[in-house]
Amino acid sequence: MILTEQTNKQIIFLKPAFRQMVWGGDRLGREWHYEIPDSNTGECWGVSAHPNGDCTVREGRYAGEALSALWEKHPELFGNTGLDRFPLLVKIIDARADLSIQVHPDDAYAGIHENGSLGKSECWYVLACDEDSRLIIGHNAKDRAELVEMIRQGRWQELIREIPVKKGDFIRIEPGTVHAIKGGIMVMELQQSSDITYRVYDYGRLVDGKPRELHIDKSIDVITVPAARIEDTIVKADELPQNVMNLLCACACFRIWKADVTRTVTFEQAYPFLIMSVIEGKGTVNGQAVRKGDHFILPDGFGEVVMEGNMQVIASTI
Ligand code: ZN
């Protein structure tokens, strides 16, 4: 018998990268069983080929390879997209304290002003939050003149739009949307592979005795005015039909699904590649054990996917 390793049938499991943040906590260790570097760990980069946090392959034929290197050397695993970099980044964020209020540019603005970087479109899935948790999404200025005036005069309470959120809320943050995660919330963030953030306001906090840098002019350049309506940005994704792939978002940057698995779920991997993250419970994917906190990629040509167990999975692709 000739042993052929069918590489496109292998699941690519990834080892996350972690980032310590002034606002980070220890829940990624306590509740997600990651080996976190310290008790101020703000972000787990579960699927990333970004130079600021490049994941490595955990096991199998490509064990130890960086995802960025795998993307370069084996474009066939990712559907030969011709893209110059792995386009997506999947994070789990533990906000012990409020994050600064920020905005991201789109591809066009970032390409010109940030050295060819991608812009950043992102989505959040609320994994856990306190009873009365709130997020900042959008603002209340009616036109750019009012936006500039409110920012220059520091009228943050008036400007910022805070909204209540619940576990299972799925939120689209288009480039140009003012946003911030507040303390006590854990989210999964799915985004373009970019690290370009303009800080609008940081609550006047000091870090090591100094305020963190703000990027007021660039923020004013890119903030969308007026802000998108809140009902157009949030999908309630807590109790969706079980045992199917529920599409949460399909836009120019990504497609995202959620599956609540309680019995066998079968579907075809029909995309250039499919990222999967287990956010609750455990089970199997094509017979391989997976559990909460696992992130992996099903390559191009993977074929039929069979999920079993008792788990929630978020899947994404371009
Ligand atoms: Zn952001």
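Residues numbered from 1 in each chain as written. Predicted model: local features only at pLDDT ≥ 70, side-chain atom pairs only at ≥ 80, totals over all residues. Heavy atoms only, no water.

J.: Can you walk me through the sheet that holds strand 3 (residues 41–47) in this structure?
T.: Backbone-to-backbone hydrogen bonds pair the strands of a sheet. The strands run either parallel or antiparallel. Pairing in this open sheet of 7 strands is antiparallel, and the strands run 2-3-7-14-9-12-18 from one edge to the other. Each edge of the sheet is formed by a strand with only one pairing partner; in this case those strands are strand 2 (17–25) and strand 18 (234–236). Across the sheet, the axes of successive neighbouring strands diverge by a mean angle of 25°, strand direction being ignored. Pairing analysis gives 7 bridges linking strand 9 (residues 122–129) to strand 14 (residues 185–192), with the strands arranged antiparallel. Bridging from a neighbouring strand, glutamate 122 pairs with glutamine 191 of strand 14. (Pairing = 2+ DSSP bridges. Helix = DSSP H or I, 4+ residues; strand = E, 2+ residues; numbered from the N terminus. Axes fitted to C-alpha atoms, helices over the stretch in contact; angles between N-to-C directions.)

J.: What is the right way to look at the coordination of the zinc ion in this model?
T.: Between any two of four tetrahedral donors, the ideal angle at the metal is 109.5 degrees; between two of six octahedral donors, it is 90 or 180 degrees. Here the zinc ion is held by His104 (NE2), Glu122 (OE), Glu122 (OE) and His179 (NE2), and the distances to it run 2.0 to 2.6 Å. Taken together, the 4 donor atoms coordinating the zinc ion span angles of 50 to 121° at the metal, a pattern that classifies the geometry as irregular. Look at where the donors of the zinc ion fall in the sequence and you get H-x17-E-x56-H. A residue pair is termed long-range when its members are at least 10 positions apart, and histidine 104 in the loop between strand 8 (101–103) and helix 3 (107–113) and histidine 179 in strand 13 (residues 179–181) qualify at 75 residues. For the residue pair histidine 104 and histidine 179, the accessibility class agrees, reading buried in each case. (Donors = N, O, S within 2.8 Å, 3.2 Å for Na, K, Ca; no water. Tetrahedral: all angles 85-135°; square planar, octahedral: opposite > 155°, others 65-115°. Buried < 20%, exposed > 50% of the residue type's maximum accessible area, 1.4 Å probe, protein only.)

J.: Even after reading the chapter, I still don't get the pattern of salt bridges, so can you show me in this structure?
T.: Any two side chains of opposite charge can pair if their charged atoms end up close together. Within this structure, the stated rule accounts for 26 salt bridges. For the salt bridge of arginine 58 with aspartate 294, the shortest nitrogen-to-oxygen distance reads 3.2 Å. Taken together, the positions of arginine 58 in the loop between strand 6 (56–57) and helix 2 (67–73) and aspartate 294 in the loop between strand 23 (288–291) and strand 24 (295–298) put the pair 236 residues apart, joining distant regions of the chain. Residue class for arginine 58 comes out partly exposed when judged on its relative accessible area of 34%. Here lysine 73 and glutamate 65 are joined by a salt bridge, their closest N and O atoms 3.0 Å apart. By sharing partners, the salt bridges in this structure join Glu43, Lys91, Lys120, Glu122 and Glu189 into a single network. (Salt bridge = Lys/Arg side-chain N within 4 Å of Asp/Glu carboxyl O.)

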